[in-house]
Amino acid sequence: MNLKGRDYLTLLDFTKEEIEHVLNLSLQLKKEPREILKNKTLIMLFQKPSTRTRISFEVAMTQLGGHAIYMDFVTSQLSRGESLSDTAKVLSRYGDVIMARLYRHEDIELIAKSSEVPVINGLTDLYHPCQTTGDLLTVLEKKGKIDGLTIAFVGDCGFNMANSTMIGFSKMGANVRLVAPEDPVYLPKPEILEKAKKQAKGKIEIFHDPVEGVKGVDIIYTDVWVSMGQEEEKEKRLKDLKPFQVNSELVSHASPDVIVMHCLPAHRGQEITSNVMDGPHSVIWDQAENRLHAQKGILAAIVGGL
Ligand code: CP
Ligand code: NVA
């Protein structure tokens, strides 16, 4: 298998076997990082804030013997109107790989089109494939498999994390339950649901009753109720999503050995309670660590050609 030169924009573009290859590399490089990207440079472009994605990519490059450079929209010429495509053309003459975190998914597609080097999606409004890669790695480690498990994504199922979780987990053979209010803003766009279903090996189902949705599941996953860019909708979202809080009562309806996941950052007391986050079912901190190892797997595959 050779993924060298491929963009990593959405898991829709990768087969089950290709994702397994990235996960295997991640596991190997977690055990023993090797300097396979010596003298290689990752350029990281941010339009939105980040803690985990920025730092785990930078540390991943260090562990692989390379280097990472941070740039953002505010302090670069992008703030003065230089176009994204011109920026991407230039950056790809310097770096060996570009990672970008943006609002519009079309913009990362534009960067990929303009760039001569592979482009990684560090989150757009539509997808967060690197997070899901780390999440698949975490489930593999905690449960020994992904195929045949049932994961309930609880809360806002209409944005990047729900889309990528649905696509990645169902492709790997897990059954995915989207547990959300009936309002279509909290559900995946029909065209994304359709694409995910076409590629799915497991079932994809929608539930509007939180207790029914998590009944017997192996994994409960949640994400913030107000994502980056949705600040103006805060009041409505907090009200609509309140019944979908992941608390110990809700967790008690899942399988006794359920694991609870959250991509972070969390808003304790909103989508998840502190006692669940810090409780015995939570794998959230190992999940956050695995961002680092998954980034190494992704970089090894698309830059290193491993
Ligand atoms: N989960 C995640 O992507 O975190 P950051 O927003 O901190 O990068
Ligand atoms: N849905 C969240 C994910 C953060 C990692 C957001 O887009 O803000």
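Structural data are supplied above this passage.
All values reported here derive from a predicted model rather than from experimental measurement. (Residues numbered from 1 in each chain as written. Chains lettered and ligands numbered in written order. Predicted model: local features only at pLDDT ≥ 70, side-chain atom pairs only at ≥ 80, totals over all residues. Heavy atoms only, no water.)

A. Inspection of the overall build of the chain at higher detail. In terms of regular secondary structure, the chain is built from twelve helices and nine strands. Its C-alpha radius of gyration of 19 Å places the chain within 12% of the 19 Å reference for a compact globule of 306 residues. Projected onto its principal axes, the C-alpha positions of the chain cover 55 × 40 × 35 Å. Residues classed as buried in the chain amount to 58% of the 306 residues present. When contacts within the chain are restricted to residue pairs at least 6 apart in sequence, long-range pairs at least 24 apart make up 75% of them. Of the accessible surface of the chain, which amounts to about 12,800 Å², a share of 50% is contributed by carbon and sulfur atoms. (Helix = DSSP H or I, 4+ residues; strand = E, 2+ residues; numbered from the N terminus. Rg over C-alpha atoms; globule rule 2.2 N^0.38 Å. Buried < 20%, exposed > 50% of the residue type's maximum accessible area, 1.4 Å probe, protein only. Contact = heavy atoms within 4.5 Å. Areas by Shrake-Rupley, 256 points an atom, 1.4 Å probe, with all protein chains shown as cover.)

B. Fine view of the site of ligand 1. Residues in contact with ligand 1, as listed here, are Ser50, Thr51, Arg52, Thr53, Arg101, His128, Gln131, Cys263, Leu264 and Arg291. Gln131 places a polar side-chain atom, nitrogen or oxygen, 2.9 Å from a nitrogen atom of ligand 1. Contact distances for ligand 1 include 2.9 Å between a nitrogen atom and a backbone N or O atom of Cys263. When ligand 1 is considered free in solution it has 260 Å² of accessible area, and contact with the protein chains removes 95% of it. Each residue belonging to the shell around ligand 1 can be placed in one class, and the counts come to two nonpolar, five polar and three charged. (Near = heavy atom within 4 Å. Polar contact = N/O pair within 3.5 Å; in protein donor to acceptor, adjacent residues only side chain to side chain. Nonpolar A, V, L, I, M, F, W, Y, C, P; charged D, E, K, R; others polar.)

C. How the structure looks around the packing of helix 2 (residues 52–63) against helix 12 (residues 284–302). The geometry of helix 2 relative to helix 12 is characterised by a closest axis approach of 8 Å and an angle of 60° between their N-to-C directions. Here helix 12 runs oblique to helix 2, going by the angle between their axes. In this structure, helix 2 crosses over helix 12, and the sense of that crossing is right-handed. Contact residues: helix 2 offers Arg52, Thr53, Ser56, Phe57, Val59, Ala60, Met61 and Gln63, while helix 12 offers Arg291, Leu292, Gln295, Lys296 and Leu299. (Axes fitted to C-alpha atoms, helices over the stretch in contact; angles between N-to-C directions. Parallel < 35°, antiparallel > 145°, perpendicular 65-115°, else oblique. Left-handed = near helix turned anticlockwise from the far one by under 90°.)

D. Layout of the site of ligand 2. Close to ligand 2 lie Leu123, Phe159, Asn160, Asp223, Val224, Ser227, Met228 and Leu264, which account for all nearby residues. Between ligand 2 and Asn160 there is a distance of 2.9 Å, counted from an oxygen atom to a side-chain nitrogen or oxygen. Here ligand 2, which alone exposes 270 Å², has 95% of that area covered by the protein. Taken together, the residues of the shell around ligand 2 break down into five nonpolar, two polar and one charged.

E. Molecular detail of the side chain of Asp135. Examined against the element boundaries, Asp135 turns out to sit in helix 5 (residues 129–143). Buried charge without a salt bridge: Asp135, with Arg291 as the nearest opposite-charge side chain at an N-O distance of 6.5 Å. Here Tyr221 takes part through its side chain, which lies 2.6 Å from a polar atom of the side chain of Asp135. A distance of 2.9 Å separates the side chain of Asp135 from the side chain of Gln287, its partner in a polar contact. Apart from residues no more than four positions distant in its own chain, Asp135 is found in contact with Met161, Phe169, Tyr221, Met261 and Gln287. (Lys, Arg positive; Asp, Glu negative; His and termini not counted. Salt bridge = Lys/Arg side-chain N within 4 Å of Asp/Glu carboxyl O.)

F. The packing of aromatic side chains, seen in detail. Under the counting rule described, the total for this entry stands at three aromatic pairs. Here Tyr8 and Phe14 contribute two aromatic rings whose centre-to-centre distance is 4.9 Å and whose plane-to-plane angle is 50°, an arrangement assigned as tilted. On the basis of relative accessible area, Tyr8 is assigned to the buried category, the value being 1%. Residue class for Phe14 comes out buried when judged on its relative accessible area of 3%. Aromatic side chains Phe46 and Tyr70 sit 5.3 Å apart centroid to centroid with 25° between the ring planes, which places their arrangement in the stacked category. Of the two residues, Phe46 sits in strand 1 (residues 41–46) while Tyr70 sits in strand 2 (residues 67–72), which places them 24 residues apart along the sequence. (Phe/Tyr/Trp six-rings, centres within 6.5 Å; stacked < 30°, edge-to-face > 60°.)

G. Summary view of the sheet that holds strand 1. One open sheet accounts for four strands, arranged 2-1-3-4; its pairing is parallel. At either margin of the open sheet sits one strand with a lone partner, and together these are strand 2 and strand 4 (119–121). Put simply, the sheet's adjacent strands are angled 20° from each other on average, direction ignored. One ladder, built from three bridges, connects strand 3 (residues 97–101) with strand 4; its direction is parallel. Pairing of Ala100 across the sheet is with Asn121, part of strand 4. (Pairing = 2+ DSSP bridges.)

H. Molecular detail of unusual backbone geometry. Geometrically, the link from Leu264 to Pro265 is a cis peptide bond, its omega value of 5° lying close to zero. Despite not being glycine, Asn39 has its phi angle at roughly 65°, a positive value. Relative to the helices and strands, Asn39 resides in the loop between helix 1 (16–31) and strand 1. The class for Asn39 is exposed, based on a relative accessible area of 72%. Its identity is not glycine, yet Leu264 carries a phi of approximately 65°, on the positive side. Mapped onto the secondary structure, Leu264 falls in the loop between strand 9 (259–262) and helix 11 (274–277).

Purely spatial values, then, with no claim about function.
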